Amino acid sequence: MKKILFQLDTDPIPNTFDTVVACDGGADYVSCRGNIKPSTVGTMVDGAVFTRPPRAKKNTALFVTGSNMGEGEAVLASIRNHFFGDFRVSVMLDSNGSNTTAAAAVAYMGQHVQLQGKRAVVLAGTGPVGQRAAVMLAREGVDVVLTSRRADRAETACDAMHRRFGVKLIPAAAGDPESLGSTLHDANIVLATGAAGVQLLTEEQWRERPALEILLDANATPPLGIQGIALADRAANRHGKICYGAIGFGGFKLEVHRACIAKLFESNDLVLDALEIFALAKQMIAER
Ligand SMILES: NC(=O)c1ccc[n+]([C@@H]2O[C@H](COP(=O)([O-])OP(=O)(O)OC[C@H]3O[C@@H](n4cnc5c(N)ncnc54)[C@H](OP(=O)(O)O)[C@@H]3O)[C@@H](O)[C@H]2O)c1
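About the criteria used
- Sequence positions are assigned chain by chain, starting from 1 and proceeding in written order.
- Predicted model: local features are reported for residues with pLDDT of at least 70 only, side-chain atom pairs are reported and counted for 80 or more only, and whole-chain, interface and lining totals are derived from all residues.
- Only hydrogens and water are removed before side-chain values are computed, so all heavy atoms of the structure are retained for them.
- Any pair of Phe, Tyr and Trp rings, taking the six-membered ring for Trp, is counted once the centres come within 6.5 Å. Such a pair is stacked with planes under 30 degrees apart, edge-to-face with planes over 60 apart, and tilted for the rest.
- A helix here means a DSSP run of H or I that spans at least four residues, while a strand means a run of E at least two residues long, and both kinds are numbered starting from the N terminus.
- Burial classes: relative accessible area under 20% of the type maximum marks a residue as buried, over 50% as exposed, and values in between as partly exposed (1.4 Å probe, protein chains only).
- Two strands are said to pair when DSSP picks up at least two bridges between them.
- Contacts are assigned to residue pairs with any non-hydrogen atoms lying within 4.5 Å of each other.
- Working convention: axes come from line fits to C-alpha atoms, limited for helices to the stretch in contact. Angles between N-to-C directions cover 0 to 180 degrees.
- In these notes the angle categories are as follows: under 35 degrees is roughly parallel, over 145 is roughly antiparallel, 65 to 115 is roughly perpendicular, and the rest is oblique.
- Handedness of a crossing is defined here by the sense of rotation of the near helix relative to the far one, left-handed for an anticlockwise turn of less than a right angle and right-handed for a clockwise turn.
- As a working rule, the residues Ala, Val, Leu, Ile, Met, Phe, Trp, Tyr, Cys and Pro are called nonpolar, Asp, Glu, Lys and Arg charged, and the rest polar, with Gly in that last group.
- Each salt bridge in this description consists of a side-chain nitrogen of Lys or Arg and a carboxyl oxygen of Asp or Glu lying within 4 Å of one another.

**Q** Residues and numbers for the packing of aromatic side chains, please.
**A** By the definition in use, this model includes five aromatic pairs. Between F50 and F84, the ring centres sit 6.1 Å apart and the planes meet at 55°, which makes this aromatic pair tilted. Taken together, the residues span a long stretch of sequence, with F50 in the loop between α2 (42-49) and β3 (60-65) and F84 in the loop between α3 (69-82) and β4 (90-93) at a distance of 34 residues. Judged by its relative accessible area of 47%, F50 falls in the partly exposed class. For F84, a relative accessible area of 42% puts it in the partly exposed group.

In structure tokens form, the structure reads like this:
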């Protein structure tokens with residue numbers, strides 16, 4: 001029986017990146033749909049859950065993607081509302097690669113630094129990757145400051161993650177060098193999750209900070225998010241700090257992503273969101 005993955009994208013045009021990884025992760029057939037809304041996803045869920053006998057339902061799975069985290073969460077909630085009894089299939093949420101990217105980043109950090117009790121700054125953390133990374137760090141016992149250019153956007157993101165995961169994040173506006181400098185004071189961890197091609201931090205702003213132990217930049221498009229870190233850095237020592245660039249941890253992100261896809265076909269009742277994907281990433285890195 002073929003393993004079928006329905007890639008349900010909240011954007012009008014489904015993301016080709018996710019389609020490639022879906023195939024590499026073990027799906028035999030990927031059906032891509034765009035413009036998915038909570039109000040319209042129900043017919044697709046019905047088609048997925050009513051077609052195969054109980055023991056074969058694990059060969060059908062759903063993968064929610066798209067650039068908007070909130071929209072992805074709403075679609076996931078609607079899908080789960082349509083399930084009942086054994087009429088369900090496994091489903092994964094990874095809007096903009098948020099969960100798999102954040103899980104790989106934070107799992108790598110945990111390899112080098114005892115996270116519990118540390119202070120982290122997630123720069124431009126209002127996007128999908130930053131929000132999820134902030135949640136994962138907080139769940140590891142880290143005090144997390146989530147920044148934005150605008151205080152209200154930082155607050156909205158922190159409130160959303162509190163509602164969804166019960167974590168307390170600290171919102172901060174860090175749109176100018178002065179506020180950025182005070183936010184970075186005493187930070188042990190910096191994770192840059194700004195939009196592609198946006199520099200958030202100059203080398204001068206981070207190299208002389210003795211408390212800073214590790215920096216990771218998710219942005220792979222020049223100019224990079226953190227000046228002074230190379231794209232391929234993987235635990236590179238720069239100014240006495242451990243540094244990761246986007247390609248440096250991107251290979252592991254892809255491994256995690258593929259492993260999640262494979263896992264979807266192991267049973268028909270999995271829901272893979274931030275915490276499940278982070279647990280898998282930590283297990284994978286521990287087994288290396
Ligand atoms: N390495 C990997 O494997 C991997 C995988 C997936 C994604 N990524 C990368 O991870 C990063 C985060 O992804 P995402 O989807 O979460 O990002 P995003 O939503 O595109 O952007 C994140 C935040 O960046 C801020 N921003 C946008 N334009 C800006 C500007 N001109 N100046 C300063 N800040 C700006 C915004 O925050 P405010 O408006 O609130 O300030 C925005 O919410 C991206 O660079 C993406 O390419 C990497």
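There is more to say after this.
**Q** Explain the sheet that holds strand β1 (residues 4-9) to me, and be specific about the residues and the numbers.
**A** Overall, parallel pairing links the five strands, which are arranged β2-β1-β3-β4-β12 in an open sheet. One side of each edge strand has no neighbouring strand; the edge strands of this open sheet are β2 (29-33) and β12 (271-272). With six bridges connecting them, β1 and β3 associate as parallel partners. Across the sheet, residue Q7 finds its bridge partner in β3, namely F63. Most of the contacts of helix α9 (residues 246-264) go to β4, to which it runs at about 160°, and overall it touches β1, β3, β4 and β12.

**Q** Let's hear about the packing of helix α4 (residues 98-112) against helix α10 (residues 274-286): which residues, and what values?
**A** As a packed pair, α4 and α10 sit with axes 9 Å apart at the nearest point and diverge in direction by 45°. It follows that α4 is oblique to α10 by the angle criterion. The hand of the α4/α10 crossing is right-handed. Here N99, T100, A103, A104, V106, A107, Y108 and Q111 of α4 come into contact with α10, specifically with A274, I277, F278, A281, K282 and I285. For the contact of α4 with α10, the per-class residue count stands at ten nonpolar, three polar and one charged.

**Q** An account of the pattern of salt bridges is requested, with residue identities and associated values reported.
**A** Counted according to the given criterion, the structure contains ten salt bridges. We note a salt bridge from R207 to E208, for which the minimum N-O separation is 3.9 Å. Looking at E208, the relative accessible area reads 63%, which means it is exposed. Taken together, the shared-partner salt bridges connect E73, R132, R164 and D273 into one network.

In short, the description is geometric, and any link to function would need to be established separately.
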